[in-house]
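# Structural features, examined
Here's the letter readout for the chains.
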Protein chains: 2
Amino acid sequence: MTQGRKYKLQPRLIKGFRDIFAETYLARQWMIEQVRSVYEKYGFVPLETPALEYVDNLGKHIQETDSAEEGIFAFRDDDEELIALRYDLTAPLSRVFAQYTELTRPFRRYQLGTVWRDEKPGLGRFREFYQFDIDIVGSNKMSAEAEICSVICECMEKLNIKRGEYLVRVSNRKIVNAMMESCGIDHSDEKGNPTFKCLTTLRAIDKLDRLGMSGVVDLLGKGRKDETGDFTKGAELTSAQIDCIQKYLAVSSENRQKACDELFEIVKDTEVGQEGIDELRQIDNILQVLKIDEERVVFDPTIVRGLNYYTGPVFETVLTTCKNEKGEEVGFGSVFSGGRYDGLIERFTGQKVPATGASIGLDRLLEALKVSGRIKQRKATAQVFVTTMDKNLTAEYHKLAHSLREAGLNTELFMGKGKLNKQLKYADRWDIPVALLLGSNELAEGTVSIKDLYHGREIATEIADREVWRKEQPAQMTVSRENLVVEIKNILEKYGLN
Amino acid sequence: MTQGRKYKLQPRLIKGFRDIFAETYLARQWMIEQVRSVYEKYGFVPLETPALEYVDNLGKHIQETDSAEEGIFAFRDDDEELIALRYDLTAPLSRVFAQYTELTRPFRRYQLGTVWRDEKPGLGRFREFYQFDIDIVGSNKMSAEAEICSVICECMEKLNIKRGEYLVRVSNRKIVNAMMESCGIDHSDEKGNPTFKCLTTLRAIDKLDRLGMSGVVDLLGKGRKDETGDFTKGAELTSAQIDCIQKYLAVSSENRQKACDELFEIVKDTEVGQEGIDELRQIDNILQVLKIDEERVVFDPTIVRGLNYYTGPVFETVLTTCKNEKGEEVGFGSVFSGGRYDGLIERFTGQKVPATGASIGLDRLLEALKVSGRIKQRKATAQVFVTTMDKNLTAEYHKLAHSLREAGLNTELFMGKGKLNKQLKYADRWDIPVALLLGSNELAEGTVSIKDLYHGREIATEIADREVWRKEQPAQMTVSRENLVVEIKNILEKYGLN
């Protein structure tokens, strides 16, 4: 305890958690509204589930962990039952679908929600983040997959990512499995669970974008040492098997029909392979009708998705030309991913339920929009700021602010302490574009002075002389009360903030 | 394990938690948008903080509990530090304000978020719920309080609760404290903390609405036995003290100035009392300018608010005439409450920081809007439903759905199994107003059949004969593709769903 002073508590965040201020919040809010409007356009209905669930209900589906509690925030409730913060929105959806047997099926829901992972936080890797998913549960039709591709494209374009700047890459787990069979790799054990060789192979293929073919070949073989010296054990495939996989990975994704033909040649000997190709062809047919060509959606055999539970078509979406302000390419990984998971509800119902879905990566996309200058970020909600210079005019300031709000202008009234200069600095720091000045003279005259703070900021670098500012008052004008709203709207229009 | 069948996991919610489906979600979403627009109109900026915080940072402010962990979901992280799910949004705000010293002050933020309480769940009492707060931190001006009153009024009216149907009741903790001093009750000990007598007195006054004056008198005296036989220990005041409090509680709240005059007579001998009255008069002055009269905001000395941390003006908002469809009055308690808490940030900074705020009770208000029929609830986002009768026309169905979406209509394409009747039942159960039928005949003719499902539902009770339905097809018409969108929009307009 410091002498003569109260003990001070250290304000701090838990590692891997963050506070989100207006600039990020408002941008993300705009994104959410765009995405929601697309989801609703396709008739998806909202669902919300609790943050806390029983651990057995959640299952373990994030990654290959040893115990159910690993990687998640789990603890025991008063009844000594193990509960946890949800790590995704798919596990709770499975629980809901199994629980409410009266739900009319298929169930097409969207869900926006926070999820938590008790993982080592890193640069840009948080332990709490948003997911915003769509899923179609209870349909085995490829119409579902085709619509999800269409939804993804519309979302991207709503978010100012133009056609040609993103690419949805689709593959099919059935084809991957068939390929493994063709290459002589057992993909599942007698219980139907994927084998270690299978999982390691999938994970290796999944890293093609990041590690390139030679890195993948290492991981398919003995293993790979990364830059930090850490060694990852490989799948220990034979060189014939590795050659076989490389042939598969070399299939061209330029044309969907051609990709189907080439893949068919590799997997045609297995039933599951034929099924997988047939599914892709069905998706292609519908996409053609929707006029979604290879500029937007391709079939790419290198896509496998990390999660074990996928059973059919899988999707990833990449930004193809995301450049920062210096013109440098920036990679963001997949920004909208998913796939078919026909087995996830089985653990409740004992029966397979067909289901497919996808999840948009809001955080990554926001970062991409920021980096490439595709989003205008603001940290103010107020368009107008009313200064309060004269204590005797408090009521007048409230009246003024009130009249502006009635006119549809978001208005903040200053409530702190300090002279005019301090008040204007406050408005500038909060990024409010317009400030109003009302003293007893203006009141008597029926006028108000308007300061265009954005313009003031622009010319501040040019006009360094404080005397010039004092005398000439650039970026300031005095208008009559009748014209006030119009004049403010003119300024806001200039900045696209009307 | 059941013979011949896989082990089935029981899908279940943790007690006190709930799933929220479209009907409630969409209504709440609409409410959130209304409230958010008002908050932003007054220039409040959004903030988001993590769900998990260090327990010492949260402090214990929900109610009188023995340990910091009581009443909250707390557990130890990997570093053995005690962390918890936040129980409100004010404690995290205090942490943020103390942590980011660079934040320009005053800080006026809104925050929407889930909070959690590990309390015994009961009817309509959940352990996870939303809060949607505004706070002004760093201002000691009564302008803040006046604006919060104005915000509350605007929110209520945006939510279809008309003037006269709600009432904001304002009091001041300073006046309550002064009253206690005047009545000879010590309100704080040598450390400045409220005494047991003080807290018990406050809690007793807080229950006036629910228990009536005699119940309050019991609680001010020896104590009170409730209907279940449970005994609550009273404040053990003398009868002179109880008389003194009753005189205070009898102050009329019909006129704000008159209330100030009457209260002044009771507390004029104490400095804190004079301060409290002066603050109310300042609020009244501004409210008069804003033309907010006693139909909307009154000064009501019986309002104390349960929380210990309030230090100045406090608010509550009640629905005055909330009747259900049978015309019966329904009580909902306060739907928008708050107050000034100048000491809450002190535990971090060692210095008092003036702050005031209020929190809207979205759940209660939604319940009130539902009960009184003030909100139209829908469980569909889709306006149009495309049936898929003929497997060979799959591509055509997608094309049709796509063209409707392009025309701005939210459209769902059926993806389940089943004949037309089952599909129409599906659309009806999901509450979609319009269904489309397209067979090979219609395709050849360039027409589509439209079913008005809401109308069909209306006449279903009148026309019981299935033969009539089959032959006459009421609520159905066949239109050309060119007129399709217009005809659909006509039907939607009829139901206000355009």
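The shown structure was predicted, so the numbers you read here are calculated from the model rather than taken from an experiment. (Residues numbered from 1 in each chain as written. Chains lettered and ligands numbered in written order. Predicted model: local features only at pLDDT ≥ 70, side-chain atom pairs only at ≥ 80, totals over all residues. Heavy atoms only, no water.)

### Re the packing of aromatic side chains
Inspection of the entire model under this criterion finds 34 aromatic pairs over all chains. Arranged with centres 6.0 Å apart and planes meeting at 55°, the rings of F17 of chain A and F73 of chain A form a pair that is tilted. Placement of the pair is F17 of chain A in the segment before α1 (22-41) and F73 of chain A in the loop between α2 (55-58) and β3 (74-76), with a sequence separation of 56 residues. Comparing F17 of chain A with F73 of chain A shows no difference in burial state: the two are buried. When the centroid spacing of 4.9 Å and the interplanar angle of 80° are considered together, the rings of F21 of chain A and Y100 of chain B count as edge-to-face. In this pair, F21 of chain A is assigned in the segment before α1 and Y100 of chain B in the loop between α3 (90-99) and β5 (107-116), connecting two distinct chains. F21 of chain A sits in the partly exposed class, given a relative accessible area of 25%. (Phe/Tyr/Trp six-rings, centres within 6.5 Å; stacked < 30°, edge-to-face > 60°. Helix = DSSP H or I, 4+ residues; strand = E, 2+ residues; numbered from the N terminus. Buried < 20%, exposed > 50% of the residue type's maximum accessible area, 1.4 Å probe, protein only.)

### Considerations on the domain arrangement of chain A
For chain A, the assigned domains read domain 1 (22-172 + 291-371) and domain 2 (384-494). Between domain 1 of chain A and domain 2 of chain A, the C-alpha centre-to-centre distance is 46 Å. (Domains from an automatic or database assignment.)

### Describing the relation of the copies chain B and chain A
The operation linking the two copies of the chain is a rotation about an axis combined with a translation along the axis. Overlaying chain B with chain A gives an RMSD of 0.1 Å, the required rotation being 180° about an axis along which the chain moves by 0.0 Å. Here the transformation between the copies is reduced to the relation of a two-fold axis. Among all residues of chain B, the one whose C-alpha sits closest to the rotation axis is F75 of chain B, at a distance of 3.2 Å. A high fraction, 100%, of the interface residues of chain B reappear at the interface in chain A, so the copies pair face to face through one surface. (Least-squares fit on C-alpha atoms with pLDDT ≥ 70 in both. Contact = heavy atoms within 4.5 Å.)

### Re the interface of chain B and chain A
Taken residue by residue, the interface counts 102 residues in chain B and 102 residues in chain A. Around 9200 Å² of area is buried between chain B and chain A when both sides are counted, 58% of it from carbon and sulfur atoms. If you sort the residues of chain B by the area they bury against chain A, R12, E48 and M415 of chain B come out on top, with a joint share of 9%. We note a salt bridge from R12 of chain A to E81 of chain B, for which the minimum N-O separation is 2.9 Å. Linking chain B with chain A are 50 residue pairs in polar contact (both at pLDDT 80 or more), by the criterion used here. Sorting elements by how many residues they give to the side of chain B that touches chain A places helix α1 (residues 22-41) of chain B first, with 8 residues. When grouped by side-chain class, the residues that make up the side of chain B that touches chain A number 49 nonpolar, 20 polar and 33 charged. (Buried area = accessible area lost by both parts, 1.4 Å probe. Salt bridge = Lys/Arg side-chain N within 4 Å of Asp/Glu carboxyl O. Polar contact = N/O pair within 3.5 Å; in protein donor to acceptor, adjacent residues only side chain to side chain. Nonpolar A, V, L, I, M, F, W, Y, C, P; charged D, E, K, R; others polar.)

### Thoughts on the sheet that holds strand β7 (residues 166-172) of chain A
Residues and elements named next belong to chain A. In spatial order, the strands read β1-β5-β6-β13-β12-β11-β7-β10; together these 8 strands make up an open sheet with mixed pairing. Lying at the two open borders of the sheet, with one neighbouring strand each, are β1 (45-46) and β10 (297-299). One ladder, built from 3 bridges, connects β7 with β10; its direction is parallel. Within β10, the position partnered with V170 by the bridge is F299. (Pairing = 2+ DSSP bridges.)

### Some remarks on the UniProt feature "binding site: L-histidine" (unreviewed entry) in chain A
Residues and elements named next belong to chain A. As annotated by UniProt and renumbered to match this structure, "binding site: L-histidine" (unreviewed entry) occupies D88, L89, T90, R117, Q131, D135, R305, Y309 and Y310. Here T90 lies in helix α3 (residues 90-99). On the accessibility criterion, T90 (7% relative accessible area) is buried. Setting aside its immediate chain neighbours within four residues, T90 contacts D133, Y309, Y341 and L344. Considering the arrangement of structural elements, one finds Q131 in strand β6 (residues 128-137). Judged by relative accessible area, Q131 falls into the buried class, the value being 12%. Not counting residues within four places of it along the chain, the set of residues in contact with Q131 comprises D88, L89, Q111, L112, G113, V115, R117 and S359. (UniProt positions renumbered as here; feature names shortened; annotations may be inferred.)

### As for empty space enclosed by the protein
Taken as a whole, this structure holds 7 cavities of 30 Å³ or more when the rule is applied. Volume-wise, the largest cavity comes out at about 720 Å³. Lining the largest cavity we find 38 residues, and of these T114 and Y130 of chain A together with G113, T114 and Y130 of chain B sit closest to its centre. Broken down by class, the residue content of the lining of the largest cavity amounts to 17 nonpolar, 8 polar and 13 charged. (1 Å grid on protein atoms, 1.4 Å probe; cavity = no way out; pocket = protein on both sides within 12 Å on 5 of 7 lines; lining within 4 Å. Points joined across faces, edges and corners; volume = space filled by probe spheres on them.)

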